[in-house]
Amino acid sequence: MTNDILTLLNQHRSIRQFTDQPVTNDEVTTLVAAAQHAATSTFAQQYSIISITDPAIKRALGDITGHHWLEKSGHYFMLIADQHRNLKIAERANADPAILRSFDKFMASAFDVAIAAEAIVTAGESIGLGSTIMGSILNHTQRVIELLNLPELTFPLLGLAIGHPAEQPDLKPRLPQSLMHFSNQYALPADFDSQMAAYDTVTADYYAHRNSHLKKTTFSQHIVQELGRNPKLRAELVQVIQQQGFNIN
Ligand SMILES: Cc1cc2nc3c(=O)[nH]c(=O)nc-3n(C[C@H](O)[C@H](O)[C@H](O)COP(=O)(O)O)c2cc1C
């Protein structure tokens, strides 16, 4: 089965190199509108988007993420978990806003942000733009909060670099559905090891032959390498989320 939307979704790849062609204001408005029309938990619209145009802030985000290529993107969005606006509404109504501080509401904001980000990615691809969602802004959230002047009950969750692609990376092969789509109950297949070995062969081949950043690794090795990340890098995360007024423990 196929159609234009399925083709677009199945051709997704993250883009990290951009031409100098800017993203127009019209395109930015179109992308934000697409994000706004995504589903939003309890219709609370509990996220905000900040367009980063100041080169100094982009440079700082380059330092935080280690991804200075973001400075060359046509446009940069920050997606913010936002219960602050709804706090204002609660205060105006003299209603108890306690629930806005809950872990549940923090998660709802996180879901809204993630879904909005994907809508921007897909809308962008539909008009010829490529993008990369960037969780690496979480490397130093306190600094991001200061840079963007984020108030109580907001939290920076994702960056998103978007622009006209100057690369066409090969498609990254995904897991076979048998290893990630189950029926009624969670059930990895009995031949997990051999299916994973087959996928490791596919990913090794992809990494060895893709059109840039060649490396010798498999999906399993990639997962194990990820375990070796410096645990101190994001040690402040829970504390900063709490400091912003969310009651997560
Ligand atoms: C929540 C999230 C955070 C991500 N953070 C980063 C990031 O900080 N830097 C980056 O280069 N790519 C980032 N990515 C992109 C992934 O690396 C990419 O989607 C994955 O390798 C699959 O490649 P593809 O998107 O080209 O298919 C992120 C993706 C998601 C969904």
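Rules and cut-offs
- Residues numbered from 1 in each chain as written.
- Predicted model: local features only at pLDDT ≥ 70, side-chain atom pairs only at ≥ 80, totals over all residues.
- Heavy atoms only, no water.
- UniProt positions renumbered as here; feature names shortened; annotations may be inferred.
- Axes fitted to C-alpha atoms, helices over the stretch in contact; angles between N-to-C directions.
- Helix = DSSP H or I, 4+ residues; strand = E, 2+ residues; numbered from the N terminus.
- Parallel < 35°, antiparallel > 145°, perpendicular 65-115°, else oblique.
- Left-handed = near helix turned anticlockwise from the far one by under 90°.
- Contact = heavy atoms within 4.5 Å.
- Nonpolar A, V, L, I, M, F, W, Y, C, P; charged D, E, K, R; others polar.
- Near = heavy atom within 4 Å.
- Polar contact = N/O pair within 3.5 Å; in protein donor to acceptor, adjacent residues only side chain to side chain.
- Areas by Shrake-Rupley, 256 points an atom, 1.4 Å probe, with all protein chains shown as cover.
- 1 Å grid on protein atoms, 1.4 Å probe; cavity = no way out; pocket = protein on both sides within 12 Å on 5 of 7 lines; lining within 4 Å.
- Sits in = over half its atoms within 2 Å of the grid points.
- Patch = residues over 30% accessible without salt bridge, like charges linked within 9 Å, V, L, I, M, F, W, Y side chains within 5 Å.
- Salt bridge = Lys/Arg side-chain N within 4 Å of Asp/Glu carboxyl O.
- Lys, Arg positive; Asp, Glu negative; His and termini not counted.
- Charge placed at Lys NZ, Arg CZ, Asp CG, Glu CD.
- Buried < 20%, exposed > 50% of the residue type's maximum accessible area, 1.4 Å probe, protein only.
- Points joined across faces, edges and corners; volume = space filled by probe spheres on them.
- Pairing = 2+ DSSP bridges.

Looking up the chain in an unreviewed UniProt entry gives the name Nitroreductase, with the organism given as Secundilactobacillus mixtipabuli. As its UniProt record puts it under Sequence similarities (unreviewed entry), the chain is described as follows: "Belongs to the flavin oxidoreductase frp family."

*Asks:* How should the packing of helix H2 (residues 25-36) against helix H5 (residues 103-126) be read in this particular structure?
*Replies:* For the pair H2 and H5, interaxial distance at closest approach is 8 Å and the crossing angle is 135°. Relative to H5, the element H2 lies oblique. Once H2 is placed against H5, the crossing between them reads as right-handed. Where H2 approaches H5, its residues Leu31, Ala34 and Ala35 are matched on the opposing element by Ala116, Ala119, Ile120, Ala123 and Gly124. Looking at the contact of H2 with H5 residue by residue, the class counts come to seven nonpolar, one polar and no charged.

*Asks:* Just checking my understanding: could you explain the site of the ligand for this structure?
*Replies:* Around the ligand lies a shell of 14 residues, among which His12, Ser14, Arg16, Ser136 and Lys172 are the nearest. The contact in question runs from a nitrogen atom of the ligand to an N or O atom on the backbone of Ile133, over 3.1 Å. Considering the ligand on its own, with 610 Å² of exposed area, one finds that the protein chains cover 65% of that surface. If you map the ligand onto the pockets, it falls in the largest pocket. Along the lines of polarity and charge, the residues of the shell around the ligand split into four nonpolar, six polar and four charged.

*Asks:* Where do I start with the environment of Ala161 in this structure?
*Replies:* The residue Ala161 is located in strand E4 (residues 154-163) in this model. In the structure, Ala161 is positioned 86 residues away from His75 in sequence and 6.1 Å away in space, judged by C-alpha atoms. Apart from residues lying up to four places away in sequence, Ala161 is in contact with Phe18, Trp69, Leu70, Ser73, His75, Tyr76, Gly130, Ser131, Thr132 and Met134.

*Asks:* Just checking my understanding: could you explain a positive patch on the surface for this structure?
*Replies:* A cluster of basic residues, Arg16, Lys172, Arg174 and Lys215, forms a positive patch on the protein surface. Mapped onto the fold, Lys215 is located in the loop between helix H7 (192-209) and helix H8 (219-227).

*Asks:* Can you walk me through the pattern of salt bridges in this structure?
*Replies:* Note on pairing: side chains with opposite charge can pair once their charged atoms come close. Per the counting criterion, the structure on display carries three salt bridges. A salt bridge links Asp82 to Arg85; the nearest nitrogen and oxygen atoms lie 3.5 Å apart. Of the residues examined, Asp82 reaches a relative accessible area of 7% and is grouped as buried. Residue Arg85 is classed as partly exposed on the basis of its relative accessible area of 36%. Note that Glu226 is salt-bridged to Arg229, the shortest N-O span being 2.9 Å.

*Asks:* When you look at the layout of surface pockets in this model, what are you seeing that I'm missing?
*Replies:* By rolling a water-sized probe across the atoms, one finds the places where empty space is left. One number sums up the size of the largest pocket: a volume of about 1,500 Å³. Secondary structure elements with two or more residues in the lining of the largest pocket: helix H1 (4-10), H5, strand E3 (130-134), H7 and H8. Split into classes, the residues belonging to the lining of the largest pocket amount to 14 nonpolar, 17 polar and 12 charged. Empty space within the second largest pocket amounts to approximately 190 Å³. As for the second largest pocket, its lining consists of Leu8, Gln11, His12, Arg13, Ile15, Glu125, Gly128, Leu129, Gly130, Pro165, Glu167 and Gln168. Taken together, the residues that form the lining of the second largest pocket break down as four nonpolar, five polar and three charged.

*Asks:* Looking at this model, I keep getting lost on the pairing of E3. Mind explaining?
*Replies:* Two faces, one strand: in a regular strand the side chains alternate between the faces of the sheet. In terms of burial, E3 is largely enclosed, as four of its five residues are buried. Note that E3 and E4 share five bridges and pair antiparallel. When the bridges of E4 are listed, Ile133 appears paired with Leu160.

*Asks:* Sorry, what's going on with the side chain of Ser109 here?
*Replies:* Within the secondary structure, Ser109 is located in helix H5. Look at Ser109 and you get buried, because its relative accessible area is 0%. Looking at Ser109, its side chain comes within polar contact range of the main-chain oxygen of Gln46, at 2.8 Å.

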